[in-house]
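Report on the structure
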Amino acid sequence: MALTEVNVISHLLKVETEASVLVSEAKEEASKRVALAQSKADEEIKSKVSEIRQQLESDFNLKIQQLSENHEKIIEEYKKEIESVQKDTETFNSFLEKVLNS
């Protein structure tokens, strides 16, 4: 009977060792899969962030261009308005003489 018990215990130890090896291999495989999934997720995030950044930069540059064009238009309109104002040099000169002579 003692031999049977030794054989059973031996068999159980062998099964436990095999189970331990399987658990270790499963942990290793799970770690590899998690690392691969993390790597893929990081790449996707990096790609999306780059895409969004490029879109924002494009929108920003377009807005700057529009504002610049609008600014130039306003300046040109102002210049034309000033140039179209009738100059009364005679009155201006008269005013200067009064100011300078007083």
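Above this text you will find the structure in question.
Right, let's walk through the structure included here. Nothing here was measured: the structure is a model prediction, and the numbers come from that model. (Residues numbered from 1 in each chain as written. Predicted model: local features only at pLDDT ≥ 70, side-chain atom pairs only at ≥ 80, totals over all residues. Heavy atoms only, no water.)

**Structural notes on the overall build of the protein chain**
The criterion, for reference: Comment: elements are numbered from the N terminus, with helices defined as DSSP H or I runs of at least four residues and strands as E runs of at least two. Accessible area is worked out with a 1.4 Å probe on protein chains only. A residue is then buried under 20% of its type maximum, exposed over 50%, and partly exposed in between. Areas reported as accessible are Shrake-Rupley estimates using a 1.4 Å probe. Residue values count occlusion only from the protein chains shown.
A tally of helices and strands in the protein chain yields two helices and zero strands. Projected onto the principal axes, the alpha-carbon positions of the protein chain cover approximately 135 × 30 × 10 Å. For the protein chain, the proportion of its 102 residues judged to be buried stands at 0%. When the accessible surface of the protein chain is split by element, carbon and sulfur atoms take 59% of a total near 9900 Å².

**A look at the environment of Glu18**
Tracing the backbone through its elements, the reader meets Glu18 in helix α1 (residues 2-84). Residue Glu18 is classed as partly exposed on the basis of its relative accessible area of 43%. Along the backbone, Glu18 and Glu5 are 13 residues apart, and their C-alpha atoms lie at a distance of 20 Å.

**Focus: helix α2 (residues 89-101)**
As a reminder, the rule being used: Expected span of a helix, by definition, is 1.5 Å for each gap between consecutive residues, and there is one gap fewer than residues.
Helix length check: α2, at 13 residues, gives a terminal C-alpha distance of 18 Å against a target of 18 Å (1.5 Å per residue), a fit within 8%. By the criterion of burial, α2 is predominantly exposed, with just zero of the 13 residues buried.

**Overview of the pattern of salt bridges**
Just so we agree on the cut-off: What counts as a salt bridge is simple: a side-chain nitrogen of Lys or Arg found within 4 Å of a carboxyl oxygen of Asp or Glu.
Within the structure shown, the criterion is met by three salt bridges. Ionic pairing is found between Glu29 and Arg33, a salt bridge with its closest N-O pair at 3.0 Å. On the criterion of helical spacing, the pair formed by Glu29 and Arg33 is a turn pair, its members being four residues apart in helix α1. Under the relative-accessibility criterion, Arg33 is labelled exposed at 58%. As a salt-bridge pair, Arg53 and Glu57 come within 3.1 Å of each other at their nearest N and O atoms. Residue Arg53 and its partner Glu57 are both found in helix α1; the two are separated by four residues, about one turn of the helix.

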